[in-house]
Amino acid sequence: MSIDFHSQENKYTYATRTADEGWARAIVAAVAPRDKRVVDVGCGGGIYTQAWDDLGARSVVGIDFSAQMVAAASEKAAGRAHVSFQVGTAQATGLADGSADVVFERALIHHLKNYDECFAEAYRLLAAGGTVLIQDRTPEDVAVPGSPEHIRGYFFDCFPRLTAVEAGRRPVDGNVRAALARAGFTAVESVTLWETRKTYARFDDLAQDLAARTGRSILHELSDDELQVLIAHIGDRTGRAGTITEQDRWTLWIARKQ
């Protein structure tokens, strides 16, 4: 069963981490964040909305279609004067034309059947010279084998059927580039990004995070019993000892509005 982003039960599932320094370095390499007006579309619990504020953005608006996520994000970002959140969709944010210098969409497009309306909305939001940044996992990113650093790879070792779920929803590089071009974007490029998701002091902390399906929509495809099998599988592979630093491989597409 897929995740219900509107459920009170999942309110904080995308609000409990901080963005990785490696992510911040990749963003700074792609666009100078300082004094930029940023729109974070599909912001979830606001983890990266806050990260843009930390990078010196003039303002950051987080948009999400889930009122529960927006409520959690607003709560977590309380006191940040340059950060705000509102309910909206990737296709209709409700923001004004040309109101952004940067539109950021992380882990969003794999939830969409096509990207045309989403990218058209990003293009509308951007002022001339603005930049759109799309961060998501391609099938190649997902296919990286499991290891104590790449925990996600173990999901597919243990339950091969999840591979078909990912293959059906993950964006293909050529399709993303074509959709960006159709929306009017130019100078499209992409880079590979390894991002530390979280560091766990012990395996039990990771096990608790997995059991709650925190920030991992793919785990909602598993029953509770299957999830316990997966946790045991990961424990066997990691040895259940010592610090675990979990990393994920992403693709970051960068495109410009002339």
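The rules behind these values
- Residues numbered from 1 in each chain as written.
- Predicted model: local features only at pLDDT ≥ 70, side-chain atom pairs only at ≥ 80, totals over all residues.
- Heavy atoms only, no water.
- Helix = DSSP H or I, 4+ residues; strand = E, 2+ residues; numbered from the N terminus.
- Rg over C-alpha atoms; globule rule 2.2 N^0.38 Å.
- Buried < 20%, exposed > 50% of the residue type's maximum accessible area, 1.4 Å probe, protein only.
- Contact = heavy atoms within 4.5 Å.
- Areas by Shrake-Rupley, 256 points an atom, 1.4 Å probe, with all protein chains shown as cover.
- Lys, Arg positive; Asp, Glu negative; His and termini not counted.
- Charge placed at Lys NZ, Arg CZ, Asp CG, Glu CD.
- Salt bridge = Lys/Arg side-chain N within 4 Å of Asp/Glu carboxyl O.
- Polar contact = N/O pair within 3.5 Å; in protein donor to acceptor, adjacent residues only side chain to side chain.
- Pairing = 2+ DSSP bridges.
- Axes fitted to C-alpha atoms, helices over the stretch in contact; angles between N-to-C directions.
- Parallel < 35°, antiparallel > 145°, perpendicular 65-115°, else oblique.
- Left-handed = near helix turned anticlockwise from the far one by under 90°.
- Nonpolar A, V, L, I, M, F, W, Y, C, P; charged D, E, K, R; others polar.
- Core = buried A, V, L, I, M, F, W, Y, C linked by side-chain atoms within 4.5 Å.

## Notes on the overall build of the protein chain
A tally of regular secondary structure across the protein chain gives 10 helices and 7 strands. Over its C-alpha atoms the protein chain spans a radius of gyration of 18 Å, differing by no more than 12% from the 18 Å that the globule rule assigns to 258 residues. Referenced to the eigenvectors of the C-alpha coordinate spread, the extents of the protein chain come out at roughly 50 × 40 × 30 Å. Sorting the 258 residues of the protein chain into buried and exposed places 54% on the buried side. For the protein chain, restricting intrachain contacts to residue pairs at least 6 apart in sequence, the fraction spanning at least 24 positions comes to 74%. With the model as given, the accessible surface of the protein chain reaches about 11100 Å², and the carbon-plus-sulfur share is 50%. Mean positive and mean negative side-chain charge positions of the protein chain (29 and 35 charges, respectively) differ by 3 Å.

## A short note on the pattern of salt bridges
Scanning all chains against the criterion turns up 24 salt bridges. In this structure, Asp173 and Arg177 form a salt bridge, with 3.0 Å as the shortest nitrogen-oxygen distance. Note that Asp173 and Arg177 are positioned in helix H8 (residues 173–183) at a spacing of 4 residues, about one turn of the helix. We classify Arg177 as partly exposed; its relative accessible area is 29%. One salt bridge in this structure joins Asp209 and Arg197, with 3.3 Å as the shortest N-O distance.

## A short note on the environment of Thr131
Assignment of secondary structure puts Thr131 in strand S5 (residues 126–136). Residue Thr131 is classed as buried on the basis of its relative accessible area, which comes to 3%. The spatial distance from the C-alpha of Thr131 to the C-alpha of Arg256 is 4.6 Å, given a sequence separation of 125 residues. Only 2.7 Å separates the side chain of Thr131 from the side chain of Arg256, close enough to count as a polar contact.

## Considering the sheet that holds strand S2 (residues 59–64)
If you walk across this open sheet you meet the 7 strands as S3-S2-S1-S4-S5-S7-S6, and the pairing is mixed. Each edge of the sheet is formed by a strand with only one pairing partner; in this case those strands are strand S3 (83–87) and strand S6 (186–200). When the angles between neighbouring strand axes are averaged without regard to direction, this sheet yields 20°. The strands touched by helix H4 (residues 116–125) within the sheet are strand S1 (37–41), strand S4 (100–106) and S5, with S5 carrying the most contacts at an inclination of about 145°.

## Looking at helix H1 (residues 21–30)
Every buried residue belonging to H1 is among Gly22, Trp23, Ala24, Ala26, Ile27 and Ala30, and all of these are buried. Next to the buried residues of H1 lie helix H2 (47–54), S4, S5, S6 and strand S7 (244–256).

## A look at the packing of H4 against H8
Running from amino to carboxyl end, H4 crosses H8 at an angle of 50°, the nearest separation of the two axes being 9 Å. In terms of axis orientation, H4 runs oblique to H8. Both H4 and H8 take part in a crossing whose hand is right-handed. Across from Asp116, Phe119, Ala120 and Tyr123 in H4, the residues of H8 making contact are Val176, Ala179, Leu180, Arg182 and Ala183. For the contact of H4 with H8, the residue count by class is 7 nonpolar, no polar and 2 charged.

## Some thoughts on the side chain of Asp53
For Asp53, the location among the structural elements is in helix H2. Residues in contact with Asp53, not counting those within four places in the same chain, are Val60, Arg80, His82 and Val83.

## Describing the nonpolar core
For soluble globular proteins, nonpolar side chains are generally found buried alongside one another. Grouped together as the largest cluster of nonpolar side chains are 27 residues, with contacts concentrated most on Trp23, Ile27, Trp52, Phe85, Phe104 and Leu133. Those elements that provide at least two residues to this core are H1, H2, helix H3 (67–76), S3, S4 and S7. Looking at this core, the element that brings in the most residues is H1, giving 5 residues. Among all residues touching Phe104, those that are not within four sequence positions of it are Trp23, Ile27, Val39, Asp40, Val41, Tyr48, Trp52, Leu133 and Gln135. Counting residues in each nonpolar core, the second largest holds 26 residues, with Val61, Ile63, Cys118 and Ala179 among its members.

## Looking at the environment of Val83
For Val83, the position within the fold is in strand S3. Residue Val83 is classed as buried on the basis of its relative accessible area, which comes to 13%. When neighbours within four sequence positions are excluded, Val83 is seen to be in contact with Thr49, Asp53, Val60 and Ala77.

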